[in-house]
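# Overview (structure and organization)
Residue-level listing of the chains:
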There are 2 protein chains.
Amino acid sequence: MSMTITGKVYLVGAGPGDPELLTVRAHNLLRRADLVLHDDLNPPAILALAGPQAAVENVGKRCGKKGVAQEQINARMIEAARRGQEVVRLKSGDPGIFGRLAEEIDALEAAAIPYEVVPGITAGIAAAAAMSASLTDRRKTSRVILVSGHRATKGEPHEKTNWKALAAEDATLVIYMPGNNFAGLRDELLAAGLDTGTPAVLVSRAATPQQQHGSTTLGALDQLPTLESPAILLIGRSLAGVHQRLSAEILALALDETGARVSPL
Amino acid sequence: MSMTITGKVYLVGAGPGDPELLTVRAHNLLRRADLVLHDDLNPPAILALAGPQAAVENVGKRCGKKGVAQEQINARMIEAARRGQEVVRLKSGDPGIFGRLAEEIDALEAAAIPYEVVPGITAGIAAAAAMSASLTDRRKTSRVILVSGHRATKGEPHEKTNWKALAAEDATLVIYMPGNNFAGLRDELLAAGLDTGTPAVLVSRAATPQQQHGSTTLGALDQLPTLESPAILLIGRSLAGVHQRLSAEILALALDETGARVSPL
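Residues numbered from 1 in each chain as written. Chains lettered and ligands numbered in written order. Predicted model: local features only at pLDDT ≥ 70, side-chain atom pairs only at ≥ 80, totals over all residues. Heavy atoms only, no water.

## A few points about the overall build of chain A
- Within chain A one finds 8 helices and 10 strands.
- Expressed as a percentage of its 265 residues, the buried residues of chain A come to 53%.
- Once local pairs closer than 6 in sequence are excluded, the contacts in chain A between residues at least 24 apart make up 68%. (Helix = DSSP H or I, 4+ residues; strand = E, 2+ residues; numbered from the N terminus. Buried < 20%, exposed > 50% of the residue type's maximum accessible area, 1.4 Å probe, protein only. Contact = heavy atoms within 4.5 Å.)

Encoded structure:
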């Protein structure tokens, strides 16, 4: 019988981008990993936490750019673990929320490689916190729906999100990859029965120095600026307080002594 | 004009209970806080991170037990901040997910106290990670619904959750406070059109040494054991792999050499 040393793969959420929003566990695992396989969205300040022994490889694939195929990422993790390495597969946000975790787990299971999932702060929750928004409000909201505006299904044509099934007065919508067709989204959500006055807050690059935001109501959703991705669009009555505060800030800026109207974007 | 020194209130998510699943920021804020106001669910290992200068007070209120009223918690935060203190209001999970964050923000805004929201790993996402479950799977799932099984609305009678509006083949349900009427929940979700074979995983005290779990399909949901709260019930096709793995583990245990059937609970 031949002996094999098997390492382990840690599927780790890196959070939204602020190194302080990593979990302590992610921090510790990064420091001791032999190999770090990361996506494009992970900033240098997080990758710099890897120890001097670590090989750090970008396996990211962003919309429209050529990247490493999923099969190659799986093969790289498995091969390194079989050589006894501790591998950190670093995913932005939480690995289980629009992170293709299922496909990597399937591959690791099939190869009988030990692995562990380490949760992270998902982008939608980070965006809400950055805006001081509560996604639930027991006075108004009973549920939170995390949904992707852009549905890329493998080998299938782009599938349309069924907004009608999602829109509800007492739900907060957290839309990942909201795209830029806000007029179309407004029309669909209004047709589904949402009120034109429902508050909407767009947050780009939450919890990074590049954070930007815009705030409006559903009826004027098409007037939101297009902000850099990754962005999160929050829609629901629980955002009422945030929308009020942001509107007041804009007013205060508009009434600035210089007389110039300054946008907080 | 009188000078006032104003402190700051940090509304901080403590994650599910494992000190390693705190964010680095939560860790740092705890260490330097003057006052820590925490809920019952925060374990001693997390509270022990507070520095020697900190006053640590339990303001928790658990179901059926007398606790500190929300108004008193608000008043305590505001009073301490007005005396120039740095206050950490520590909430289990993420403050913006079923954490009554909105009410505390409203009070801080009304009192013009500076504050900041620090996100945490919410219990539902921690439960999924602990089970190596991906809440989304682009091959099967388009959205994740975070919902509370128990809806306590202030001053109103217990309101029923509208399961019909939630049940969908391509959604993953993450049910906080699922209660123990699993037969009733099964009937409602089946009536709403979900398949009897839809996988369901119950996780109690995820990411703590007391973690327990059970796994079944929707048709047999009433056979889930009642586990200690806090518990999370995950239901949806994205749990198929987890359910298979857990079933295989039970089978392996049942076929143990001792001949004894051992439950992984």
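## Brief notes about the domain arrangement of chain A
All names here are of chain A.
- According to the domain assignment, chain A consists of domain 1 (8–121) and domain 2 (124–251).
- Taking only C-alpha atoms, the centre of domain 1 and the centre of domain 2 are 28 Å apart.
- Opposite the 11 residues of domain 1 that make contact, domain 2 presents 12 residues.
- Carbon and sulfur atoms make up 70% of the area that domain 1 and domain 2 hide from each other, which totals about 830 Å². (Domains from an automatic or database assignment. Buried area = accessible area lost by both parts, 1.4 Å probe.)

## Re the confidence of the model for chain A
All names here are of chain A.
- When pLDDT is averaged along chain A, the result is 88; 86% of the residues meet or exceed 70.
- Note on residues 257–265: pLDDT under 50 across the span, and 12 contacts to partners over four residues away in sequence or across chains.
- Both scores are given for the predicted complex: the pTM is 0.91, the ipTM 0.91. (pLDDT = per-residue confidence, 0-100.)

## With respect to the relation of the copies chain A and chain B
- Once chain A has been moved 0.0 Å along the axis and rotated by 180°, it coincides with chain B to within an RMSD of 0.0 Å. With respect to symmetry, the two chain copies, as superposed, fit the operation of a two-fold axis. (Least-squares fit on C-alpha atoms with pLDDT ≥ 70 in both.)

## Comments concerning the packing of helix H3 (residues 70–82) of chain A against helix H4 (residues 101–110) of chain A
Residue and element names in this part refer to chain A.
- In the contact formed by H3 and H4, the axes pass within 10 Å of each other and the chain directions differ by 45°. As the angle between them shows, H3 and H4 are arranged oblique. Relative to H4, the crossing made by H3 is right-handed. Counted together, Gln-70, Ile-73, Asn-74, Met-77 and Ile-78 of H3 and Glu-103, Glu-104, Ala-107 and Leu-108 of H4 form the full contact between these two elements.
- Residues that form the contact of H3 with H4 fall into these classes: 5 nonpolar, 2 polar and 2 charged. (Axes fitted to C-alpha atoms, helices over the stretch in contact; angles between N-to-C directions. Parallel < 35°, antiparallel > 145°, perpendicular 65-115°, else oblique. Left-handed = near helix turned anticlockwise from the far one by under 90°. Nonpolar A, V, L, I, M, F, W, Y, C, P; charged D, E, K, R; others polar.)

## A short note on the interface of chain A and chain B
- Counting residues at the interface gives 55 residues for chain A, matched by 55 residues for chain B.
- Both faces combined, the contact of chain A with chain B buries some 4,600 Å², and carbon together with sulfur accounts for 59% of it.
- Linking chain A with chain B are 24 residue pairs in polar contact (both at pLDDT 80 or more).
- Taken together, the elements giving at least two residues each to the side of chain A that touches chain B come down to helix H1 (24–32), H4, strand S5 (115–118), helix H5 (123–130), strand S6 (143–148) and helix H6 (163–166) of chain A.
- Pairing of S6(A) with strand S6 (residues 143–148) of chain B involves 5 bridges; the strand directions are antiparallel. Across the sheet, A:Arg143 pairs through a bridge with B:Val147, a residue of S6(B). (Polar contact = N/O pair within 3.5 Å; in protein donor to acceptor, adjacent residues only side chain to side chain. Pairing = 2+ DSSP bridges.)

## Some thoughts on the sheet that holds S6(A)
- One open sheet accounts for 10 strands, arranged S9(A)-S8(A)-S10(A)-S7(A)-S6(A)-S6(B)-S7(B)-S10(B)-S8(B)-S9(B); its pairing is mixed. Taken across any chain shown, the strands that pair with only one partner, and hence form the sheet edges, are strand S9 (212–217) of chain A together with strand S9 (212–217) of chain B. When the angles between neighbouring strand axes are averaged without regard to direction, this sheet yields 15°.
- Examined bridge by bridge, strand S8 (residues 199–204) of chain B and strand S10 (residues 231–235) of chain B share 5 bridges and lie antiparallel to one another. Each residue of the ladder has a partner; that of B:Ser204, found in S10(B), is B:Ala231.
- Those strands touched by H5(A) are strand S7 (171–176), strand S8 (199–204) and strand S10 (231–235) of chain A, and its axis lies near 70° from that of S10(A).
- Against the sheet, helix H7 (residues 182–191) of chain A contacts S7, S8 and S10 of chain A, and its axis sits at roughly 25° relative to S10(A).

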